[in-house]
Each structure stands twice: as C-alpha cells, then as structure tokens.
Amino acid sequence: MEVFGVALSLLVMFSGFGLLIGLLFGFFGMGGSFLVTPALLVMGYKTDVAVASGLAFVFGTSVIATLKHRDLGQVDYKLGVLMIAGTTAGIEVGKIGLHWLQDIGLANTVVSVSYVFLLGAIGVFITYNAVKGDDDGGVSHDAGDDEELDADDIPDIAKKIQSYRVPPMMKLRGGVRVSLWMILSVAFLTGLLSGFLGVGGGFIRMPALFYLIGVPVPVAVGTDLFEIVFSGGIGSFLYAIDGAVDLTIVAPLLAGSALGARMGAAATSLVEESEIKVYFGVMLLLGATAVAVREIGGIVEMPVLDLVSLAIIVGAALLVSGAVVVSSIRELRAEGTRPTAQTAD
C-alpha cells in the first residue's frame, strides 16, 4: 500500500507539473526542458534519464501545442522549414566552438555566464519594449497569409532586415515579405547560439522570429513550436534507442500537458501581444536568476542553492501561468460583454 501511495503521489505530481509546463509551452513555445530537466535532476534522477525524459516530454507537448496553433492559423510551415535548415547549420558550428572551449578548459564558465547574460538581456529587452508600449505591439491576432501588417506593428530591426530586397523574396504569414537569405541568416545565428549554449533555443528563436523577421507574436510562437517538433523528436528518438527515456515520468507529464498545451496555445489568440511579451520577458528574467543561483551554488559548493534555483523556476512558472490564465479569462469576459454593449447602442 505504501508503494502504491508513493506511485499515486508521483502520478498526480507529474500530471500537475505537466499541466503547468504545457500551458507555458503552448503560450510561449518554450519552457519544457527548461523546467523539467532541472526538476528531475533535483529529484535524484540520473542525468541521461532527466535529459532524455525532458526531450521526450518536449516532443509530445510540442506536437499537441502545434496542432492547436495550426487550428488557429498561427503556424507558418514555409518559415518553419527554412528556420530548421538554417538553425541546423548554426548548431553544428556552435558545437565546434563549444568543443574548442572544452579543450582549453573554459567551457563551463563561458557557457554559464553567456547563458545567464543572454537570458537576462533578452528578458530585459522584451519587457522594457513591451512596458514602454512602443510601436512593436498590437499586431492582429489572426493575421493571415494575405492580411498586411501595419508598418508601425513591425519592430525597427525587422524593418531594416526586410528592407534588404535580395531575391528570392519570401511572403510569410501576416503579409511579411523578407529575403530568403535574411531568414537563413537569422536562423543560422539562433542555431549558433543554441549549439554553443547546449539548449533547445526556444527562448532565442521566438523573439528572433518577431524582432528580427517581423512575423506576429502568435505566429512566432506557433512556428517555433513546429520547429521544436523536429528537434525534440530527433533528440528523444536517439535517447530512446539507448533506453534512457523513462515512460513512468513522460506519460503522466504528457497527460497533464495535453490539456495545458492546448490552453496555452488558445490563450495566444486572446491575450494582447504586449502582455505576451511582458510575461515572456519576466519568465526569462526569473530563469536567468535561477540559473545564476544554481551556478553560484556550484562555485561555493552549497547544494541547497540547487533547491533554491528550482524553487525560483517553479515559482516563476506558477506566477506566469497564473497571469496567463487571468488575462485569458479577463479577455473572454470582455468579449462576452461587447455584443451587449453594441446592442445597447
């Protein structure tokens, strides 16, 4: 009975954790292995099992979330395939740089500092621009293939990149037109960072798709998830061959995320883009803090800081997911009152 009780507790815990992470994954296009792998390591699972199970969970959740984004018209398959090609090349070059740093004994220090700096810098940049309320936001949630975006809705960096009319030109969702070579260049740079840092890169790709290429935020999230289907699928398959994927972990996580991912994806069509960017930025800032705390714990040999780091990550997930749910409910209520107000007029 005691064993059954422990098993049931783990089932409920993993299902609840999967629901939470699935919501964030569907909403941001990131957060899977960023949250799952550290949690499993702290719980005492072997490194390969934690990484493999995290990847398998990311793959399953990204499929669920991508299908929901597809239903909402928020996946640009053409852009996704081009990004996969450029990102793959960038990852290979990034790995070369990482191996070189390992050979001279600086890999851990450089990667850790770069990871914290990049998370923090992107978080500050996105949060600042969203809170400042400049001309980056307000893109229509349902911008389709033929619907042109207002010039004020496109970030200045993306406008500059789009101005380089090097053929062939590609037309993307939201009426965005950009050179094929610019897309591949952005994809290569994001892949380079992913390969160098040894991370999936969702927190890099989603902002890059919006701020550098100029696609609407919901489409950036949906297309990023489409890419993760392939990277997560390949990674989890390779680990599964080695028998590192623990289905007793992955199954309950996916059971919870099946609902959470669809809720998160649906929320992107309800929540204002400025709010999406604020939540994303806050998530990255708290993530940078958690990683910094964990690294400091390793330097000063204080294992308790690993638990503090995990608490910050889980706390951030709870805080941001709660904000997403509240914003979605608020918008649904507002939409429900609009017909009444129009009738009264």
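Since this is a predicted model, take the numbers as computed values, not measurements. Residue numbers restart at each chain and count upward from 1, following the sequence in its written direction. A pLDDT threshold of at least 70 governs which residues receive local features in this predicted model, and a stricter bar of 80 or more applies before side-chain atom pairs are shown or counted, although totals over entire chains, interfaces and linings include all residues. Side-chain numbers come from the whole structure's heavy atoms, not from hydrogens or water.

Moving on, we come to the overall build of the chain. Within the chain, the regular secondary structure consists of 12 helices and 2 strands. Listed N to C, the secondary structure of the chain is α-α-α-α-α-α-β-β-α-α-α-α-α-α in terms of helices and strands. Just so you have it, the chain exposes about 15800 Å², and 68% of that area is on carbon and sulfur atoms. Helix numbering and strand numbering both begin at the N terminus, where a helix is a DSSP run of H or I of at least 4 residues and a strand a DSSP run of E of at least 2. What sets the accessible areas is the Shrake-Rupley method with a 1.4 Å probe; for residues, cover comes only from the shown protein chains.

A word on the UniProt feature "transmembrane region" (unreviewed entry) in the chain. UniProt positions are given in the numbering used here, feature names are shortened, and annotations may be inferred rather than shown by experiment. Under the present numbering, the feature "transmembrane region" (unreviewed entry) in UniProt falls on residues 7-29, 49-67, 113-131, 178-203, 209-230, 276-293 and 305-329. The distance from the first to the last C-alpha atom of residues 49-67 is 27 Å, and the span holds 100% helix and 0% strand. Span residues 276-293 is 100% helix and 0% strand, its end C-alpha atoms 26 Å apart.

Salt bridge criterion: a side-chain nitrogen from Lys or Arg within 4 Å of a carboxyl oxygen from Asp or Glu. Taken as a whole, this structure holds 5 salt bridges when the rule is applied. Here D156 and K159 are joined by a salt bridge, their closest N and O atoms 3.8 Å apart. Residue D156 and its partner K159 are both found in helix α6 (residues 156-162); the two are separated by 3 residues, about one turn of the helix. R205 is paired through a salt bridge with D224; the nearest N and O atoms lie 2.8 Å apart. Pair noted here: R205 is in helix α8 (residues 202-213) and D224 is in helix α9 (residues 217-241), with a separation of 19 residues, a long-range link.

Position of A39 relative to the elements: it lies in helix α2 (residues 32-42). By definition in these notes, contact holds between two residues if any of their heavy atoms fall within 4.5 Å. Once residues lying within four places of it in the same chain are set aside, the contact partners of A39 are F17 and L310.

Lines fitted to the C-alpha atoms define the axes, with helices restricted to the stretch that makes contact. Angles between their N-to-C directions range from 0 to 180 degrees. Between helix α3 (residues 47-71) and helix α10 (residues 247-267), whose axes approach to 9 Å, the crossing angle comes to 30 degrees. Viewed along their axes, α3 and α10 adopt a mutual orientation that is roughly parallel. Two packed elements cross with a definite hand, and for α3 against α10 that hand is right-handed. Contacts between α3 and α10 involve V49, S53, A56, F57, G60, T61, I64, A65, K68, H69 and D71 from the former and I249, V250, L253, L254, S257, A258, A261, R262, A265 and A266 from the latter. Note on residue categories: nonpolar means Ala, Val, Leu, Ile, Met, Phe, Trp, Tyr, Cys or Pro, charged means Asp, Glu, Lys or Arg, and polar means any other residue, Gly included. Among the residues making up the contact of α3 with α10, the classes are represented as 13 nonpolar, 5 polar and 3 charged. The scheme is simple: roughly parallel for angles under 35 degrees, roughly antiparallel for over 145, roughly perpendicular for 65 to 115, oblique for anything else. In a left-handed crossing the near helix is turned counterclockwise from the far helix by less than a right angle, and in a right-handed crossing that turn is clockwise.

In this section: the nonpolar core. What is meant by a nonpolar core is a set of buried Ala, Val, Leu, Ile, Met, Phe, Trp, Tyr and Cys residues, joined one to another through side-chain atoms within 4.5 Å. Each residue is placed in one exposure class: buried if its accessible area under a 1.4 Å probe, protein chains only, is under 20% of its type's maximum, exposed if it is over 50%, and partly exposed if it falls in between. By size, the foremost hydrophobic cluster in this structure holds 66 residues, and its most contacted members are F27, L79, L172, I183, F203, I213 and V215. At 9 residues, the largest contribution of residues to this core is made by helix α1 (residues 2-28).

Here we come to the pairing of strand β1 (residues 169-172). The alternating pattern of β1 places M170 and L172 on a buried face, while none of M169 and K171, on the opposite face, is buried. Bridge count for β1 against strand β2 (residues 176-179) is 4 bridges, and the pairing is antiparallel. If you follow L172 over to β2, its bridge partner there is V176. Criterion used throughout: strands pair if DSSP finds at least two bridges between them. Linkage of β1 to β2, two consecutive antiparallel strands, is achieved through a turn of 3 residues, within which G174 is found at a positive phi near 85 degrees.

Between rings of Phe, Tyr and Trp, where Trp is taken as its six-membered ring, a pair exists when centres lie within 6.5 Å; planes separated by under 30 degrees are stacked, by over 60 edge-to-face, and by other angles tilted. What the rule picks out here adds up to 5 aromatic pairs. Considering the side-chain rings of F210 and Y211, the 4.8 Å spacing of their centres and the 80 degrees angle between planes classify their relative orientation as edge-to-face. Of the two residues, F210 and Y211, both sit in the buried class. When the centroid spacing of 5.2 Å and the interplanar angle of 80 degrees are considered together, the rings of F226 and F230 count as edge-to-face. Pair noted here: F226 and F230 are both in helix α9, with a separation of 4 residues, about one helical turn. Judged by relative accessible area, F226 falls into the buried class, the value being 11%.

Tracing the backbone through its elements, the reader meets T289 in helix α11 (residues 273-300). Residue class for T289 comes out partly exposed when judged on its relative accessible area of 40%. Taking C-alpha positions, T289 is 8.8 Å from I313, a pair spaced 24 residues apart along the chain.

Turning next to unusual backbone geometry. For residues other than glycine, phi is negative in most cases, and the peptide bonds are mostly trans. For the bond from P167 to P168, the omega torsion is 0 degrees, close enough to zero to count as cis. Locating P168 in the fold gives a position in the loop between α6 and β1. Its identity as a non-glycine residue notwithstanding, E301 has a phi of 60 degrees, on the positive side. The exposed category is assigned to E301, whose relative accessible area is 69%.

Moving on, we get to the packing of helix α4 (residues 77-103) against α9. Axes are the key here: two packed helices are described by the angle between their axes and the distance separating the axes. Across the interface, α4 lies against α9 with an axial gap of 9 Å and an inter-helix angle of 50 degrees. It follows from the interaxial angle that α4 and α9 lie oblique. Here α4 runs over α9; the crossing is right-handed. Of α9, the residues touching α4 (which contributes Y77, L79, G80, V81, M83, I84 and T87) are T223, F226, E227 and F230. Class assignment for the residues of the contact of α4 with α9 results in 7 nonpolar, 3 polar and 1 charged.

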